[in-house]
Amino acid sequence: MRINTILLILALFTLSCRKDLQPIPEQQEVILPPDPDAAVKGFYIVNEGNMNMNKASLDYFDYTTGIYRRNIYNKQNPSVVKGLGDVGNDIGVYGSKLYVVVNVSNKVEVLDVHTGKRIKQINITNCRYVTFHNGKAYVSAYLGTVGDPNAPNGIVAEIDTTSLSEIRRVDVGRQPEEMAIVGQKLYVANSGGYSPQKYERTVSVIDLSSFRVIKEIDVAINLHRLKADQYGDLYVTSRGDYYDIPSRMFVIDTRTDQVKKTFNIAVSNLVIDGDIAYYYGSEWSYNEGRFTVTYGMINVKDEVLLDKQFITDGTEKSITIPYGIAVHPLTKEVLVTDATNYVSPGKLYCFDLNGKKKWSVTTGDIPAHFAFVYQ
């Protein structure tokens, strides 16, 4: 009798474990009235999820139906055992394909932009960000094991968007992050984040024709974000050292490849739309043991901070940790995500032109990166 009881318990435990491994089902929520003729059909959000838990997920908001869909990857790709994977670090749309960079899973998932179904998986070790130009996708990658201070220099891989095969790769600095393309030059921010005592402090400049590094621009330690405006300038952020060297943002003139201005503000993320850069700072200090959160706007044409905010109704007090930001290409509504406590579902907020909250919705864990889809 005792043996039978033990076997029954083991069977129930095994069944329970199997159930636990099942993908999270898709969930839907109506947010807005449907707009079947919307020029911007919708947008994807990749939720990073916690490291080593395979909790990265993909959400989609459809303006044509007004419905927000959570966890669409699992429904569209039920045969993929571990779902989207471990730490969704970036996302981008190019042509009819959606590219999702999954950092710790060492892969770029290429999906059909209309259905979310997998077309191909491209394996790149410790990949980070993706950008596009003239039929090519460019992916930055740390290489090496996550957190390894002895990891080799990182790379940028060039991928043909038709064959979905890697063509070339070039060595850059240690732990490269975001990239931007201006003319025939690709710029990548190097962080050196795995060795805090010896952070990197350069932006690598790659000639796209030869696919070689032609210059290293000295900027500041622990670089991260890198965005191009319409005037040939790059906005590059430094995370500092989290102790005594504060976070700052720098402007590079790509005609001279020199730093021409410093903003003494903490910028964790930014998006540039026309003449305006919208940013937030969530700067961590080990000395104080807390985050300092700020929001702001910059006129990139005149390169000046503005004295107005893109959140004006006090909603920022409800946002624990801003973690992603985007601007609707047509309505100019600002979208901001909240990572909350990093282990629970996050939140997405939409603000109108007057900075008032228009709507909000629950997302997956650690919502971070946006990609818009057009009709």
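Coordinates for the structure precede this section.
Owing to the predicted nature of the structure, the values given are computational and were not obtained by experimental measurement.

Cut-off values and rules
Residues numbered from 1 in each chain as written. Predicted model: local features only at pLDDT ≥ 70, side-chain atom pairs only at ≥ 80, totals over all residues. Heavy atoms only, no water. Helix = DSSP H or I, 4+ residues; strand = E, 2+ residues; numbered from the N terminus. Rg over C-alpha atoms; globule rule 2.2 N^0.38 Å. Buried < 20%, exposed > 50% of the residue type's maximum accessible area, 1.4 Å probe, protein only. Contact = heavy atoms within 4.5 Å. Areas by Shrake-Rupley, 256 points an atom, 1.4 Å probe, with all protein chains shown as cover. Lys, Arg positive; Asp, Glu negative; His and termini not counted. Charge placed at Lys NZ, Arg CZ, Asp CG, Glu CD. Pairing = 2+ DSSP bridges. Axes fitted to C-alpha atoms, helices over the stretch in contact; angles between N-to-C directions.

## With respect to the overall build of the protein chain
Working step 1: Along its length, the protein chain carries two helices and 29 strands.
Working step 2: Its C-alpha atoms give the protein chain a radius of gyration of 21 Å, within 12% of the compact-globule value 21 Å for 375 residues.
Working step 3: Dimensions along the principal axes, computed over C-alpha positions, put the protein chain at roughly 80 × 50 × 50 Å.
Working step 4: The burial tally for the protein chain puts 54% of its 375 residues in the buried class.
Working step 5: Sequence-distant contacts in the protein chain: of pairs separated by 6 or more residues, those separated by 24 or more amount to 47%.
Working step 6: Just so you have it, the protein chain exposes about 16,900 Å², and 51% of that area is on carbon and sulfur atoms.
Working step 7: Taking the average place of the 40 positive charges on the side chains of the protein chain and the average place of its 42 negative ones, the gap between the two points comes to 5 Å.

## Re the sheet that holds strand β13 (residues 176–182)
Working step 1: Ordered in space as β13-β14-β15-β16, the four strands form an open sheet in which the pairing is antiparallel. Looking along the sheet, the strands with just one partner apiece sit at the ends: β13 and β16 (212–218). On average, each strand axis in the sheet is tilted by 25° relative to the strand beside it, whichever way the strands run.
Working step 2: As paired elements, β13 and strand β14 (residues 185–190) share five bridges and run antiparallel to each other. Note that in β14 the partner of Ala180 across the bridge is Tyr187.

## Let's talk about the pairing of strand β22 (residues 276–285)
Working step 1: Most of β22 is tucked away, with eight of its 10 residues classed as buried.
Working step 2: One ladder, built from five bridges, connects strand β21 (residues 269–273) with β22; its direction is antiparallel. Within the sheet, the bridge partner assigned to Asp273 lies in β22 and is Ile276.
Working step 3: Here β21 hands over to β22 after two residues, with Gly274 in that stretch at a positive phi of 65°.
Working step 4: Relative to strand β23 (residues 290–299), β22 is paired through 10 bridges, and the arrangement is antiparallel.

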